[in-house]
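What follows is the residue order along each chain.
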Number of protein chains: 2
Amino acid sequence: MANHRLLELLTIDGSARRGSLHTAHGAVQTPAFMPVGTSASVKALRSDDLDAIGAEIILGNTYHLYLRPGTEVIKQCGGLAKFNGWNKPTLTDSGGFQVFSLRDISRITDDGVEFQSHHDGSRHLFTPEKVMQIQHDIGANIIMAFDQCVPFPAAHDLAEVGVHRTFRWAKRCLDEHTRLAGADNYRIDLFGIVQGSIYKDLRSQSAEQIVGLDFPGNAIGGLSVGESKAEMEDMLAHTIQFLPGDKPRYLMGVGYPEDLLMAVSYGVDMFDCVLPTRNARTGNVFTSEGQIVYRNAEYAADERPLDPNCDCMVCRRYSRAYIRHLYNQREITGMVLATYHNSYFFQHLMRNIRQAIAEKRFDAFRRAFLSRYVIYERAISPAESMANKLNQHNHRKNRHRPENEF
Amino acid sequence: MANHRLLELLTIDGSARRGSLHTAHGAVQTPAFMPVGTSASVKALRSDDLDAIGAEIILGNTYHLYLRPGTEVIKQCGGLAKFNGWNKPTLTDSGGFQVFSLRDISRITDDGVEFQSHHDGSRHLFTPEKVMQIQHDIGANIIMAFDQCVPFPAAHDLAEVGVHRTFRWAKRCLDEHTRLAGADNYRIDLFGIVQGSIYKDLRSQSAEQIVGLDFPGNAIGGLSVGESKAEMEDMLAHTIQFLPGDKPRYLMGVGYPEDLLMAVSYGVDMFDCVLPTRNARTGNVFTSEGQIVYRNAEYAADERPLDPNCDCMVCRRYSRAYIRHLYNQREITGMVLATYHNSYFFQHLMRNIRQAIAEKRFDAFRRAFLSRYVIYERAISPAESMANKLNQHNHRKNRHRPENEF
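Residues numbered from 1 in each chain as written. Chains lettered and ligands numbered in written order. Predicted model: local features only at pLDDT ≥ 70, side-chain atom pairs only at ≥ 80, totals over all residues.

S.K.: I would appreciate a short explanation of the overall build of chain A in the present structure.
M.R.: Summing up its helical and strand segments, chain A has 15 helices and 18 strands in all. Taking 2.2 N^0.38 as the reference for a compact globule, 406 residues should give roughly 22 Å; the C-alpha atoms of chain A span a radius of gyration of 20 Å, in line with that estimate. Seen through its principal axes, chain A has C-alpha atoms that stretch 60 × 45 × 40 Å. Counting only residues that meet the buried cut, chain A has 56% of its 406 residues in that class. (Helix = DSSP H or I, 4+ residues; strand = E, 2+ residues; numbered from the N terminus. Rg over C-alpha atoms; globule rule 2.2 N^0.38 Å. Buried ≥ 20, exposed ≤ 12 C-beta atoms within 10 Å, placed from the backbone.)

S.K.: What is the right way to look at the pairing of strand S3 (residues 26-30) of chain B in this model?
M.R.: Each regular strand shows side chains that alternate between the opposite faces of the sheet. Residue and element names in this part refer to chain B. By the bridge criterion, five bridges tie strand S2 (residues 16-23) to S3 in an arrangement that is antiparallel. If you follow Leu21 over to S3, its bridge partner there is Val28. In textbook terms, the turn of a hairpin is the stretch between consecutive antiparallel strands, and for S2 and S3 this stretch comprises two residues. (Pairing = 2+ DSSP bridges.)

S.K.: Which parts of the structure should I look at to understand the sheet that holds S3 of chain B?
M.R.: Strand pairing within a sheet occurs via backbone hydrogen bonds; the two strands may be parallel or antiparallel. Residue and element names in this part refer to chain B. Taken in spatial order, the three strands of this open sheet run S1-S2-S3, and their pairing is antiparallel. Strands at the two margins of the open sheet, each flanked by one partner only, are strand S1 (7-13) and S3. Pairwise comparison of adjacent strand axes, ignoring direction, gives a mean angle of 10 degrees for this sheet. (Axes fitted to C-alpha atoms, helices over the stretch in contact; angles between N-to-C directions.)

S.K.: I would appreciate a short explanation of the relation of the copies chain B and chain A in the present structure.
M.R.: A rotation about some axis, followed by a shift along it, carries one copy of the chain onto the other. Expressed as a screw transformation, the operator carrying chain B onto chain A has a rotation angle of 180 degrees and an axial translation of 0.0 Å, and the superposed copies differ by an RMSD of 0.0 Å. The superposition of one copy onto the other is thereby described by a two-fold rotation axis. When each C-alpha of chain B is compared by its distance to the rotation axis, Ile332 of chain B comes out closest, at 3.5 Å. When the interface residues of chain B are mapped onto chain A, 100% of them are again interface residues, pointing to one common binding face. (Least-squares fit on C-alpha atoms with pLDDT ≥ 70 in both. Contact = placed C-beta atoms within 7 Å.)

S.K.: What am I meant to see in the interface of chain B and chain A here?
M.R.: Accessible area lost when the parts come together is the quantity often used to give the size of an interface. Contacts between chain B and chain A engage 36 residues on the former and 36 residues on the latter. Contributing elements (two or more residues each) for the side of chain B that touches chain A: helix H1 (47-53), helix H2 (62-76), helix H11 (313-317), helix H12 (320-328) and helix H13 (332-358) of chain B. Each residue belonging to the side of chain B that touches chain A can be placed in one class, and the counts come to 18 nonpolar, eleven polar and seven charged. (Nonpolar A, V, L, I, M, F, W, Y, C, P; charged D, E, K, R; others polar.)

S.K.: What am I meant to see in helix H2 (residues 62-76) of chain A here?
M.R.: The periodicity of an α-helix, 3.6 residues per turn, causes residues three or four places apart in sequence to face the same way. Under the 1.5 Å per step criterion, the end-to-end length of H2 of chain A is only 16 Å for 15 residues, more than 12% shorter than the ideal 21 Å. Inspection of H2 of chain A places Thr62, Tyr63, His64, Leu65, Tyr66, Leu67, Pro69, Val73 and Ile74 of chain A among the buried residues, and these make up the whole buried set. Elements that come into contact with the buried residues of H2 of chain A comprise strand S5 (58-61), helix H3 (80-83), strand S6 (90-93), helix H4 (96-101) and helix H5 (128-138) of chain A together with H12 of chain B. Immediately downstream of H2 of chain A, the backbone of Gly78 of chain A shows phi near 90 degrees, a positive value. (Expected span 1.5 Å × (residues − 1).)

S.K.: Can you help me understand the pairing of strand S9 (residues 123-126) of chain B in this one?
M.R.: Residues and elements named next belong to chain B. Inspection of the sheet shows strand S8 (residues 113-116) paired to S9 by four bridges, in the antiparallel sense. Bridged to Gln116 within S9 is Arg123. Where S8 folds back on S9, the antiparallel hairpin that results is connected by six residues, among which Gly121 adopts a positive phi of roughly 75 degrees.

S.K.: Can you help me understand the domain arrangement of chain A in this one?
M.R.: Residue and element names in this part refer to chain A. By the assigned domains, chain A splits into domain 1 (7-278) and domain 2 (284-399). Computed over C-alpha atoms only, the centres of domain 1 and domain 2 are separated by 24 Å. Across the boundary between the two partners, domain 1 contributes 38 residues, which contact 35 residues of domain 2. Taken together, the elements giving at least two residues each to the side of domain 1 that touches domain 2 come down to strand S1 (7-13), strand S2 (16-23), strand S4 (32-34), helix H1 (47-53), H4, helix H9 (257-266) and helix H10 (275-281). Top contributing element to the side of domain 1 that touches domain 2 by residue count: H9, with six residues. When its residues are assigned to classes, the side of domain 1 that touches domain 2 shows 20 nonpolar, eleven polar and seven charged. (Domains from an automatic or database assignment.)

S.K.: What am I meant to see in helix H8 (residues 229-240) of chain A here?
M.R.: All names here are of chain A. End to end, H8 covers 16 Å across twelve residues, agreeing with the expected 16 Å (1.5 Å per residue, within 8%). Turning to H8, its buried residues are Met232, Met235, Leu236, Thr239 and Ile240. Angular distribution of buried residues about the axis of H8 spans 110 degrees; they occupy a single face of the element. The inward-facing, buried residues of H8 contact strand S11 (189-194), helix H7 (200-212), strand S12 (217-220), strand S13 (249-251) and H9. (Arc of directions from axis to C-beta.)

S.K.: Can you help me understand the environment of His164 of chain A in this one?
M.R.: Residues and elements named next belong to chain A. Along the chain, His164 turns up in helix H6 (residues 156-181). On the basis of neighbour counts, which here come to 16 C-beta atoms within 10 Å, the residue His164 falls in the partly exposed class. For His164 and Gln205, which are 41 residues apart along the polypeptide, the C-alpha to C-alpha distance reads 9.1 Å.

S.K.: What should I look at first to understand the nonpolar core in this one?
M.R.: Grouped burial of nonpolar side chains is what soluble globular proteins tend to show. Formed by 250 residues in total, the largest nonpolar core has its most connected members in Leu251 of chain A together with Leu251 of chain B. Each of domain 1 (7-278) and domain 2 (284-399) of chain A accounts for three or more of the residues forming this core. When neighbours within four sequence positions are excluded, Leu251 of chain B is seen to be in contact with Ile220, Leu223, Leu236, Ala263, Val268 and Phe271 of chain B. (Core = buried A, V, L, I, M, F, W, Y, C linked by C-beta atoms within 7 Å.)

S.K.: I'm lost on unusual backbone geometry in this one. Help?
M.R.: Glycine aside, the phi torsion of most residues is negative, and most peptide linkages are trans. Residues and elements named next belong to chain A. The step from Arg68 to Pro69 runs through a cis peptide bond, and the omega angle for that step is 5 degrees. Looking at where Pro69 falls in the secondary structure, it is placed in helix H2. That bond from Phe152 to Pro153 is cis: its omega, -5 degrees, falls within 30 degrees of zero. Relative to the helices and strands, Pro153 resides in the loop between strand S10 (142-144) and H6. A positive phi is found at Ser197, a non-glycine position, where the angle reads about 50 degrees. Counting through the fold element by element, Ser197 comes out in the loop between S11 and H7. Even without a glycine there, the phi angle at Lys360 is positive, about 55 degrees. Relative to the helices and strands, Lys360 is located in the loop between helix H13 (332-358) and helix H14 (362-372).

S.K.: Can you walk me through the sheet that holds S1 of chain A in this structure?
M.R.: Residue and element names in this part refer to chain A. With antiparallel pairing, the three strands of this open sheet are ordered in space as S1-S2-S3. Taken across any chain shown, the strands that pair with only one partner, and hence form the sheet edges, are S1 and strand S3 (26-30). When the angles between neighbouring strand axes are averaged without regard to direction, this sheet yields 10 degrees. Here H13 sits on the sheet and contacts S1, S2 and S3; the angle it forms with S2, its principal contact strand, is near 115 degrees.

S.K.: Mind showing me how you'd approach the environment of Val211 of chain B here?
M.R.: Residue and element names in this part refer to chain B. Note that Val211 resides in helix H7 (residues 200-212). Between the alpha carbons of Val211 and Gly192 there is a distance of 7.7 Å; along the sequence they are 19 residues apart. The residues contacting Val211, other than those within four sequence positions of it, are Asn218, Phe242, Leu243 and Pro244.

S.K.: Can you help me understand the packing of H6 of chain A against H7 of chain A in this one?
M.R.: Packed helices, taken two at a time, are described by the angle their axes make and the gap between the axes. Residue and element names in this part refer to chain A. For the pair H6 and H7, interaxial distance at closest approach is 10 Å and the crossing angle is 5 degrees. With respect to H7, the element H6 is oriented roughly parallel. Here Ala159, Glu160, Val163, Thr166, Phe167 and Ala170 of H6 come into contact with H7, specifically with Leu202, Gln205, Ser206, Gln209 and Ile210. Counted by class, the contact of H6 with H7 contains six nonpolar, four polar and one charged residues. (Parallel < 35°, antiparallel > 145°, perpendicular 65-115°, else oblique.)

S.K.: What is the right way to read the confidence of the model for chain A from this model?
M.R.: Keep in mind that low pLDDT regions are not for reading the predicted coordinates in detail. Overall, the prediction assigns chain A a mean pLDDT of 92, with 92% of residues at 70 or greater. Residue range residues 390-406 of chain A is modelled with pLDDT below 50. Its contacts to residues more than four positions away, or to other chains, number 35 contacts. (pLDDT = per-residue confidence, 0-100.)

Below you can see the structure in the form of structure tokens.
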């Protein structure tokens with residue numbers, strides 16, 4: 001594994017880095033935002049849309065894909081990237097986040113997690129070995145270790161149990177992954193995941209344990225699950241010091257544009273989040289001046305595009321009035337247009353971030369972006385935040401915050 | 001009105017005709033199949049998709065658009081074609097079919113139809129004059145007279161009442177249309193509609209009355225509402241003799257590929273139907289060999305495209321297995337892909353029809369198409385058929401019919 005270099009670093013600007021991930025299905029420029037295709041589909045988008053907006057890698061979820069359509073179907077159809085008509089790099093999350101969130105229907109032992117399908121109540125057992133087997137069958141280029149995510153907030157004791165179990169499972173994942181790799185048709189890279197809730201001592205311990213296993217990439221899990229933005233930044237700043245700079249660093253489940261800018265400034269290379277797709281479907285889009293709730297009555301006859309400063313296909317062709325109308329009629333096309341714009345917005349932001357790093361002006365870019373972009377306070381409870389991450393299409397109660405957080 | 005020639009005829013092949021409609025928003029090659037965009041959106045498609053599949057004119061519905069987003073919004077946004085980001089020719093149906101189908105909540109007098117919104121129960125009155133005003137505000141290139149559609153089956157007496165009222169209303173529509181035309185920013189053409197259920201004497205009478213008003217185009221309404229295919233063909237063959245050949249002839253709400261081929265052979269120029277879009281959303285696609293219910297288990301690992309003989313974007317990139325999976329997960333993208341393919345299939349059929357007419361080999365083309373295409377019998381009741389036309393996403397119970405109808 002030591003001979004393989006997944007990440008090629010191209011520019012360093014402060015702690016921010018620009019690079020390129022080299023996978024069997026092609027290269028991915030970093031920092032990268034990875035659209036989430038839970039069930040082998042980035043909701044409301046097609047592969048040609050993802051190409052058009054400049055996405056280079058998309059996610060799938062092990063838990064969802066294992067249940068439907070089932071691992072065997074995806075394997076028979078040539079693996080995830082071929083199955084979903086994408087044919088470019090993919091990453092699968094291990095499903096740990098999902099099965100631990102099924103709190104009422106999960107039984108957790110050191111062996112693994114027993115859970116019931118949210119589709120039909122059928123019983124299943126995920127062990128670290130099983131999750132590796134599933135992910136190798138699904139065949140993404142990057143797969144994730146099976147970790148224990150503790151709820152937020154978690155007592156130190158519980159978080160510590162999670163850190164230790166995550167380490168034991170990471171070793172089992174690595175063994176099974178190594179055993180399976182010989183039969184793969186192309187290289188599959190396994191990333192480790194650091195846990196530890198919001199406790200610095202546990203984050204240090206977890207990071208040292210995971211990094212010690214020498215995965216080709218390292219992820220930070222268990223953030224953006226309900227803690228404050230200050231806590232998230234604090235944990236990220238603390239944890240990332242332990243993660244080797246010559247390997248990709250992936251901050252899981254993050255986040256808002258301001259979060260991406262913050263995390264890039266500490267040297268994060270990869271992100272994923274359902275925000276652009278889920279918010280679009282609930283009437284909310286990102287613009288260069290902040291989020292707007294496009295379903296609101298004030299836009300009923302607004303002929304401006306969603307974002308007057310955006311050059312995406314949607315903003316060049318459609319008005320707020322039209323997209324609001326489609327939202328109110330629950331027209332599928334409305335979901336498509338809003339999702340396209342939001343996803344473009346995130347990819348465009350990442351392109352600009354990469355360009356700024358290439359020109360060693362990332363800090364100035366971040367300041368300029370945030371001087372125009374009004375941040376909304378997200379007054380949501382941790383439970384809501386977990387639920388949102390589970391993709392349960394909740395409308396968010398965003399509240400305008402007049403002062404700029406930055 | 002006599003100086004304006006909407007239809008330019010290019011080729012006659014038997015009774016089949018190829019031509020071009022010249023509208024203020026551009027030309028439309030005929031015979032044309034017009035995708036239905038009831039609420040200003042062809043469900044699950046975008047304007048750039050409609051461009052890509054070769055559609056040249058799309059429909060909107062007066063009843064739906066009047067209620068939501070409201071006539072005023074569309075007028076303020078520059079008319080239907082601008083509002084929906086299409087910017088090409090459009091046609092609005094008068095809403096007659098819709099308000100007469102709201103049987104429990106409509107009160108019909110000679111003045112017009114009083115009905116309650118299916119959204120909020122609010123009361124509204126459609127008179128011929130009102131419907132003309134609404135359609136001029138919506139601003140499609142072609143608008144339709146407000147006619148009385150009788151249910152199927154209808155007694156001769158009731159059908160006769162409908163024919164007479166349709167004629168009286170057609171005259172009122174024409175007067176109001178003429179009055180309004182002076183204030184339009186571009187030319188809007190009003191079509192008359194022939195009714196008469198399945199009674200030849202009433203069809204003759206209605207056709208003579210409507211044609212006598214010298215509309216720039218004539219439509220045949222009240223077919224494909226539950227009568228047999230033989231009855232439909234019989235009524236079409238009888239009625240079309242009365243419709244002048246130098247003006248476009250529009251067969252409303254039709255239909256299946258075999259129906260389009262049949263009707264073109266009698267000289268029909270324009271069609272619309274929700275079949276390609278609605279069937280796609282209920283798990284059913286059209287292929288060169290007939291319809292397939294792609295949601296069926298037999299396609300779970302089928303790596304073939306929806307139609308192996310199709311060269312559309314969807315068939316070039318995605319498998320039946322994938323689209324079936326998306327259908328089962330109720331993924332929006334599944335609706336999008338199936339709708340795209342079906343809509344392409346219909347536009348591609350019309351392109352081939354026009355090419356065949358241009359080369360004076362339409363009959364041979366029709367025979368060749370039907371020799372490969374297996375027709376399914378549609379064992380549905382008239383009430384179901386009416387309901388389907390109202391876009392109520394019913395799953396159809398198609399039953400395989402071994403012999404070819406042709």
